[in-house]
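What follows is the residue order along each chain.
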Amino acid sequence: MDFYQQLFDVSDKVVLVTGGTRGIGLMIAEGLVRAGARVYIASRKSAACEEAEEKLGRYGFCRVIAADVSSISGCRQLAEEIRKAESELPVLVNNAGVTWSEDIDNFHEKAWDKVVDLDVKGAFFLIKHLLPLLRQGATLENRASIVNITRVNALRPSGLRNYSYVAAKAGLGQLSVQLAADLMDEYVNVNVIAPGLFESKMTASLFESEEAVEQLLANQPMKRSGRMEDIAGLVIYLSSKAGQFITGSTIACDGGATSTT
């Protein structure tokens with residue numbers, strides 16, 4: 001293995017990706033599996049888990065765990081399942097999330113609680129319960145990596161009235177900074193990726209017709225949406241030796257949308 005391969009090597013690293021059966025989570029999981037990591041993906045729906053395992057299993061090691069990380073008990077159970085299978089967890093990707101768009105006059109408590117419970121509360125308590133595995137094997141020269149997935153909506157307003165979503169994702173971003181400081185001396189890095197436009201179930205309504213897609217992409221600085229290699233490449237970078245000196249940072253993966261427009 002040459003220098004460049006060693007620099008970005010994640011082969012045989014154990015990784016957990018929540019919300020890894022579709023959209024951005026599936027892209028991240030696929031990239032990691034293809035790069036040789038031992039990838040576990042977690043999702044609430046058993047059928048989606050089985051489908052993802054069948055697809056990604058063709059490229060390498062991939063196991064699925066049906067889990068609901070919107071509750072503390074679900075986070076605890078998922079952590080226990082990982083603990084049964086692995087002695088350490090070098091990489092955790094908190095991607096599980098849900099959104100809710102509604103006019104402010106009709107926005108109700110369920111639309112707030114459902115989103116916040118999964119998008120920020122669940123991420124925090126999953127980290128808490130997985131910390132023993134994240135600490136195990138982490139050293140000064142080989143730090144563990146937590147990557148929290150937010151959205152560019154958390155960095156600047158959008159045309160969507162997804163109030164609880166932007167609050168949760170912005171909160172997860174600031175929580176990540178706090179965790180990065182608190183876990184610094186325990187050799188655990190914590191970073192954030194804020195994706196822009198990617199085609200997924202969450203954004204499916206934006207890609208409904210060729211005309212809609214043409215107009216949508218025309219408004220993007222790079223005239224395209226994000227691809228698997230864009231988001232997976234960043235996670236691999238932050239999980240490898242190349243990203244060891246980075247913690248407490250937010251990286252916008254949006255083709256320049258937040259910085260050039």
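These lines cover the structure that appears in this document, whether it is placed above or below. Every value quoted in this text rests on a predicted model; they were computed, and no experiment measured them.

The rules behind the values
- Residues numbered from 1 in each chain as written.
- Predicted model: local features only at pLDDT ≥ 70, side-chain atom pairs only at ≥ 80, totals over all residues.
- Heavy atoms only, no water.
- Pairing = 2+ DSSP bridges.
- Helix = DSSP H or I, 4+ residues; strand = E, 2+ residues; numbered from the N terminus.
- Axes fitted to C-alpha atoms, helices over the stretch in contact; angles between N-to-C directions.
- Contact = heavy atoms within 4.5 Å.
- Patch = residues over 30% accessible without salt bridge, like charges linked within 9 Å, V, L, I, M, F, W, Y side chains within 5 Å.
- Areas by Shrake-Rupley, 256 points an atom, 1.4 Å probe, with all protein chains shown as cover.
- Salt bridge = Lys/Arg side-chain N within 4 Å of Asp/Glu carboxyl O.
- Phe/Tyr/Trp six-rings, centres within 6.5 Å; stacked < 30°, edge-to-face > 60°.
- Buried < 20%, exposed > 50% of the residue type's maximum accessible area, 1.4 Å probe, protein only.

**Some remarks on the sheet that holds strand β6 (residues 188-195)**
Here 7 strands make up an open sheet; going across it, the order is β3-β2-β1-β4-β5-β6-β7 and the pairing parallel. Each edge of the open sheet is held by one strand with a lone partner, namely β3 (62-66) and β7 (250-253). Averaged over all pairs of adjacent strands, the angle between strand axes in this sheet comes to 20 degrees, irrespective of strand direction. When strand β2 (residues 38-43) meets β3, the two strands line up parallel, connected through 5 bridges. Considered in β3, the bridge of Tyr 40 is made with Arg 63. Contacts from helix α2 (residues 23-34) reach β1 (14-18), β2, β3, β4 (91-94), β5 (144-149) and β6, with the element oriented near 165 degrees to β1. Along the sheet, helix α8 (residues 228-239) contacts β4, β5, β6 and β7; its crossing angle with β6, the most-contacted strand, is approximately 165 degrees.

**Structural notes on a nonpolar patch on the surface**
A contiguous nonpolar surface patch, about 300 Å² in accessible area, is contributed by Ile 104, Trp 112 and Tyr 163. Here Trp 112 is to be found in helix α5 (residues 109-135).

**Section: the packing of aromatic side chains**
Going through the model one piece at a time under the given rule, you end up with 5 aromatic pairs. Arranged with centres 5.4 Å apart and planes meeting at 75 degrees, the rings of Phe 3 and Tyr 4 form a pair that is edge-to-face. For the pair shown, Phe 3 and Tyr 4 are each scored as exposed. Ring centres of Tyr 40 and Phe 61 lie 5.6 Å apart, and the angle between their planes is 65 degrees; this geometry places the pair in the edge-to-face category.

**Quick word on the pattern of salt bridges**
A full pass over the atoms with the stated rule returns 8 salt bridges. Between Arg 38 and Glu 86 there is a salt bridge, with the nearest N and O atoms lying 2.6 Å from each other. Of this pair, Arg 38 sits in strand β2 while Glu 86 sits in the loop between α4 (72-85) and β4, and the two are 48 residues apart along the sequence. Between Glu 186 and Arg 135 there is a salt bridge, with its nearest N and O atoms 2.3 Å apart. Residue Glu 186 is found in the loop between α6 (163-182) and β6, and its partner Arg 135 is found in helix α5; the two are separated by 51 residues along the sequence. Since its relative accessible area comes to 37%, Arg 135 is described here as partly exposed.

**Comments concerning the environment of Tyr 237**
Mapping Tyr 237 onto the fold places it in helix α8. Along the chain, Tyr 237 and Val 10 lie 227 residues apart, while their C-alpha atoms are 9.0 Å from each other. Aside from chain neighbours lying at most four places away, what touches Tyr 237 is Phe 8, Ala 242, Gly 243 and Ile 246.

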